[in-house]
Amino acid sequence: MTLTEEIKELCKAKDAVILAHYYVDSSIQAIADYVGDSFYLAKVAKSVPNKTIVFCGVTFMGESACILNPDKTVLMPSPDAVCPMALMIDKEKIAEMRSAYDDLAVVCYINSMADVKELSDVCVTSSNALKIVRNLPNHNIFFIPDGNLGRYVAEQIPEKNIILNPGFCHVHASITSQAITNCFKEHPAAKIIAHPECRKDVCDLADYLGSTKELIEYVAEDDAQEYIVCTEKGVLYEMEQVAPEKKFYFVGANQICPNMKKMTLEKVRDCLVNMSPVAVVSEETRLKASIPLDRMLELASQNNVVPEMAL
């Protein structure tokens, strides 16, 4: 029996479903039941009937699944896969901002830990941040923890006072405009596509900006045949699935998240055999953190302006 076959048999026996982020290794994406970005996986985690969720991503993703599904077991094949950006905000800073601003909404990028989510008013992902922030009744928005995504949101919604936090994704921050320019000289027919977690000078060069899922959809539907891709290299697997005839270029070796790549087939197999490690969030934190997560799922599906909320 191959390792993949063994994992499939274990999933069947343990009533388990495998969720994988686009940034994990292609071997994991290939066996996963669902592959997607943070928003999609959050929705799936809440809707699947399986009693056990194997979450192949960084720890905040497993925490979110645990928060949304208190009656399910959420397994984390690599519990040491911690997103550095998720640690770039703390409780003290949030308290400071709430004291400094009236009518403040703390908008928390889903790339954050549970103890930060519990102090937030609403969570967002890169695919729904504009919609949710634009429709919040609050004028003052403290966007945490990613300063680059927050800057992008602020540029699109100038009528709001969006206060930025100096956090960043080290993968996206490592992409430079000079590297893109050099790559474009070699591939002048290529379109530049970028994630809004990139720095401003990179975003300014892009022909298209979008979330991970939106970038994948774009290359599938767009007429161009070549792309300079400014996000984590894990998207290549899905891009080649949806557009096998097209070419994709990356601008540097640093476009790899080492924490996402800690996921291996062996670790997936072992966590199913042992039913551990398990994502754990205290009940007090879970109850508080579920509010902004549930609000995100609710508001992202609405078409109208969000009514006044007790934030």
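Residues numbered from 1 in each chain as written. Predicted model: local features only at pLDDT ≥ 70, side-chain atom pairs only at ≥ 80, totals over all residues. Heavy atoms only, no water.

1. Here we look at the overall build of the protein chain
As a reminder, the rule being used: In this description a helix means any DSSP run of H or I spanning at least four residues, a strand means any run of E spanning at least two, and both kinds are numbered starting from the N terminus. Three labels apply to residues, based on accessible area from a 1.4 Å probe with only protein chains included: buried if under 20% of the type maximum, exposed if over 50%, partly exposed otherwise in between. Throughout, a contact is declared for two residues whenever any of their heavy atoms are within 4.5 Å. Using a 1.4 Å probe, accessible areas were evaluated by the Shrake-Rupley method; residue-level cover was limited to the displayed protein chains. When charges are tallied, Lys and Arg are placed among the positive residues and Asp and Glu among the negative ones, while His and the ends of the chain are skipped. To locate a charge, take atom NZ for lysine, CZ for arginine, CG for aspartate or CD for glutamate.
If you tally the helices and strands in the protein chain, you get 15 helices and twelve strands. Principal axes of the C-alpha set define a box for the protein chain whose edges measure 60 × 55 × 35 Å. Among the 311 residues that make up the protein chain, the fraction classed as buried is 56%. Here the analysis covers contacts within the protein chain between residues at least 6 apart in sequence; of these, 62% occur between residues at least 24 apart. Counting only carbon and sulfur atoms, one obtains 51% of the accessible surface of the protein chain, whose full area is about 13,000 Å². Of note, the protein chain has its 30 positive side-chain charges centred 1 Å away from the centre of its 43 negative side-chain charges.

2. Details of the pairing of strand S9 (residues 191–194)
Definition in use: At least two bridges found by DSSP between two strands are what make those strands a pair.
Examined bridge by bridge, S9 and strand S11 (residues 226–230) share four bridges and lie parallel to one another. Directly across from Lys191, in S11, lies its bridge partner Tyr227.

3. Examining the packing of helix H3 (residues 38–47) against helix H15 (residues 283–299)
When two helices pack together, their arrangement is given by the angle between the helix axes and the distance between those axes. For clarity, the threshold we go by: Interaxial angles span 0 to 180 degrees and are taken between N-to-C directions of axes, which are lines fitted to C-alpha atoms, for helices over the stretch in contact. In what follows, roughly perpendicular refers to angles from 65 to 115 degrees, roughly parallel to angles under 35, roughly antiparallel to angles over 145, and oblique to any angle outside these ranges. Throughout this entry, Asp, Glu, Lys and Arg are counted as charged residues, while Ala, Val, Leu, Ile, Met, Phe, Trp, Tyr, Cys and Pro are counted as nonpolar. The remaining residues, Gly among them, count as polar.
Put simply, H3 and H15 touch, their axes get as near as 11 Å, and they point 105° apart. Taken together, the axes of H3 and H15 lie roughly perpendicular to each other. For the pair formed by H3 and H15, the contact residues are Phe39, Ala42, Lys43 and Lys46 on the first element and Asp294, Met296 and Leu297 on the second. Classifying every residue of the contact of H3 with H15 by side-chain character gives four nonpolar, no polar and three charged.

4. Overview of the environment of Lys91
For Lys91, the location among the structural elements is in helix H5 (residues 91–100). Along the chain, Lys91 and Asp115 lie 24 residues apart, while their C-alpha atoms are 8.0 Å from each other. Once residues within four sequence positions are removed from consideration, Lys91 is found in contact with Asp115, Glu118 and Leu119.

5. Quick word on the environment of Val229
Along the chain, Val229 turns up in strand S11. When its relative accessible area of 0% is taken as the criterion, Val229 is described as buried.

6. Details of empty space enclosed by the protein
Convention followed: Buriedness for pockets is judged along seven lines, at least five of which must meet protein on both sides within 12 Å for an open set on the 1 Å grid over protein atoms alone, while cavities are sets there where a 1.4 Å probe fits but cannot get out, and lining residues have an atom within 4 Å of a point. Grid points are joined across faces, edges and corners, and a volume is the space filled by probe spheres set on the points.
This structure, assessed with the given rule, holds two cavities of 30 Å³ or more. Computed from the structure, the largest cavity encloses a volume of approximately 290 Å³. Around the largest cavity, the lining is made up of 28 residues, and of these His21, Tyr23, Asn111, Glu197 and Met260 lie nearest the centre. Counting residues per element, the ones that place at least two in the lining of the largest cavity are H3, helix H4 (59–68) and helix H9 (170–173). Sort the elements by how many residues they give to the lining of the largest cavity and H9 lands first, with three residues. Its residues placed into classes, the lining of the largest cavity shows 15 nonpolar, eleven polar and two charged.

7. Side note on the sheet that holds strand S3 (residues 52–56)
Strands sit in the order S2-S1-S3-S4 across an open sheet of four strands; the sheet is parallel. Where the open sheet ends on each side, the last strands, each with one partner, are strand S2 (34–36) and strand S4 (73–75). The sheet shows a mean angle of 20° between the axes of neighbouring strands, taken without regard to direction. Sheet topology places S3 next to S4; three bridges connect them, and they run parallel. In the strand pairing of S4, Thr52 is matched with Thr73. In this fold helix H14 (residues 265–274) packs onto strand S1 (16–21), S3 and S4, with an angle of close to 155° to the strand it touches most, S3.

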